[in-house]
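# Summary of structural features
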Amino acid sequence: LPAVTSPCKILKCNSEFWAATSGSHHLGTEEAPEFCTALRAYAHCTRRTARTCRGDLAYHSAVHGIDDLMEQHNCSKDGPTSQPRLRTLPPGDSQERSDSPEICHYEKSFHKHSAAPNYTHCGLFGDPHLRTFTDTFQTCKVQGAWPLIDNNYLNVQVTNTPVLPGSTATATSKLTIIFKSFQECVDQKVYQAEMDELPAAFADGSKNGGDKHGANSLKITEKVSGQHIEIQAKYIGTTIVVRQVGRYLTFAVRMPEEVVNAVEDRDSQGLYLCLRGCPLNQQIDFQTIRSAQATEGRARRKGPSLSAPPQAFTYETATAKCREKLPVEDLYFQSCVFDLLTTGDVNFMLAAYYAFEDVKMLHSNKDKLHLYERTRDLAPGNTAPSGTSPALWAALLCLSQCWLGLL
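For clarity, every value in this text was computed on a predicted model and none was experimentally measured. (Residues numbered from 1 in each chain as written. Predicted model: local features only at pLDDT ≥ 70, side-chain atom pairs only at ≥ 80, totals over all residues. Heavy atoms only, no water.)

Each helix and strand in the chain was counted, giving twelve helices and twelve strands. When burial is assessed residue by residue, the chain has 53% of its 407 residues classed as buried. Taken as a whole, the chain presents about 18300 Å² of accessible surface, with 51% of it coming from carbon and sulfur. (Helix = DSSP H or I, 4+ residues; strand = E, 2+ residues; numbered from the N terminus. Buried < 20%, exposed > 50% of the residue type's maximum accessible area, 1.4 Å probe, protein only. Areas by Shrake-Rupley, 256 points an atom, 1.4 Å probe, with all protein chains shown as cover.)

Bringing the nonpolar core into the picture now. One finds I149, L154, I177, F179, Y235 and F251 to be the most contacted residues of the largest nonpolar core, which totals 48 residues. If one sorts the elements of this core by residue count, strand β11 (residues 248-256) sits on top with four residues. In this view, F179 contacts Y153, L154, D187, Q188, K189, F202, L218, I231, A233, Y235 and I240; residues no more than four positions away in its chain are not counted. Counting 21 residues, the second largest nonpolar core, distinct from the first, contains F313, Y332, V337 and A355. (Core = buried A, V, L, I, M, F, W, Y, C linked by side-chain atoms within 4.5 Å. Contact = heavy atoms within 4.5 Å.)

With that settled, the discussion passes to the sheet that holds strand β6 (residues 170-179). One open sheet holds the four strands; their spatial order is β4-β5-β6-β7, and the pairing between them is antiparallel. The open sheet has two edge strands, β4 (144-150) and β7 (189-194), and neither has a second partner. Adjacent strand axes in the sheet meet at a mean angle of 20 degrees when their direction is disregarded. (Pairing = 2+ DSSP bridges. Axes fitted to C-alpha atoms, helices over the stretch in contact; angles between N-to-C directions.)

Here we come to the packing of helix α10 (residues 331-343) against helix α11 (residues 347-362). Interhelical geometry of α10 versus α11 gives an angle of 160 degrees and a closest axis separation of 8 Å. One element, α10, and the other, α11, form an angle in the roughly antiparallel class. The handedness of the crossing between α10 and α11 is right-handed. Contacts between α10 and α11 pair Y332, C336, D339, L340 and T343 from the former with F348, M349, A352, A355, F356 and V359 from the latter. Partitioning the contact of α10 with α11 into residue classes produces nine nonpolar, one polar and one charged. (Parallel < 35°, antiparallel > 145°, perpendicular 65-115°, else oblique. Left-handed = near helix turned anticlockwise from the far one by under 90°. Nonpolar A, V, L, I, M, F, W, Y, C, P; charged D, E, K, R; others polar.)

Moving on to the state of the cysteines. Under the defined criterion, the tally for this structure stands at seven disulfides. The disulfide partner of C322 is C336, and the gap between their sulfur atoms is 2.0 Å. Between C322 and C336, the S-S torsion sits near -90 degrees, and that sign places the bridge as left-handed. Remark: C336 occurs in helix α10 and C322 occurs in helix α9 (residues 315-325); sequence separation between them is 14 residues. Residue class for C336 comes out buried when judged on its relative accessible area of 0%. (Disulfide = S-S within 2.5 Å.)

Let us now look at the pairing of β6. In regular strands, side chains alternate between the two faces of the sheet. Of all ten residues in β6, nine are buried; the element is thus mostly enclosed. Where strand β5 (residues 154-162) meets β6, nine bridges bridge the pair, whose relative direction is antiparallel. Across the sheet, residue T159 finds its bridge partner in β6, namely K174. Pairing of β6 with β7 involves six bridges; the strand directions are antiparallel. Considered in β7, the bridge of K174 is made with E194.

The next subject is the sheet that holds strand β9 (residues 228-233). Ordered in space as β8-β9-β10-β11-β1-β2-β3-β12, the eight strands form an open sheet in which the pairing is antiparallel. Two strands lie at the open edges of the sheet, namely β8 (218-224) and β12 (283-284), each paired on one side alone. In this structure, β8 lies alongside β9, joined through six bridges in antiparallel fashion. Along β9, the bridge assignment pairs T221 with E230. Sitting on the sheet, α11 touches β1 (119-125), β2 (129-131), β9, β10 (238-245) and β11, and the angle it makes with β10 is about 165 degrees.

On to the environment of R40. Along the chain, R40 falls in helix α2 (residues 32-48). What makes R40 buried here is its relative accessible area of 7%. Here the alpha-carbon distance between R40 and S76, two residues 36 residues apart in the chain, equals 8.4 Å. In this structure the side chain of R40 is engaged in a polar contact, spanning 2.7 Å, whose partner is the backbone oxygen of S76. (Polar contact = N/O pair within 3.5 Å; in protein donor to acceptor, adjacent residues only side chain to side chain.)

Shown next, in the form of structure tokens:
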């Protein structure tokens, strides 16, 4: 079936409310009418999407939150609902405070008497292509919901849907990030994005870690409206970049090794894609397919008997197009060519380009920015080698299904 997005628009309601009220909780009581107006507009937005959000936890959380805020601010449910003008945070606002407890700054607290942490990178983009924390590069099918990161501090899940009807070509259509509550630093926060919905706030409308003293050690920044957000989680030394390129999402993260490996039971809980890579039966040897495409001099499909893509590329035209943005013929370049041939969508070229730009920003070893060899049989300690127990990957599949049941 063609990829579809959820009809529940609670993320849009949350974002509009935050945009309208950002900073107003620091204003005097004379601003209460304006805040109440925004709350009524928020409530009106949730009512409009109620029918399609019955099973959505973020929706029910928002509805209860609105009722609580209305009671706290003595807001009437009747009155104007037009959104007030957007606010900008004044200098010195708590969003920019730096007086968080030391425990809420990873480099200061975890490594006060030891060497600087070793940072790692993971990225997912395109059809989808995965770069693991150990710099293994894979192209995967992984249709449906899969755990990307799952450790003691946060969980990240992606949902991949078919790009074209009948094709095994998939791309990321939904992303959920759960930051777990941590000491006096942050409350639990959920971030959700999907096609055409890239909020600049958490699901509850906030942009930091909540009411705790170190809340600003977790913060969302909107870089390009609707296209690029960045989440800084200083309490775990982590930076996350989420983009929407065309219809689909890309993900990139910079995380200390200590956080990457912070799992209670590595054998059963370390089964997430950024750490272990995709199961072998989910991997695609795109270099072999690319060679066949080059030999034949025409586009090939991963699925049988498909109609032509919206804009058909030959191997030569795809190569020329990718070279415009990716002059070095590394695996990002090859992924770009592969995606243009399998989807016909030029936005996949931009996804590869931005994925590499994120690597340049987030990877700690500048000598490893370009990757040239894809390793299907993986090195020890890397992603799952060919001898990996089938039971482990059965557990991973189970974990992905459990995620679906929770979200």
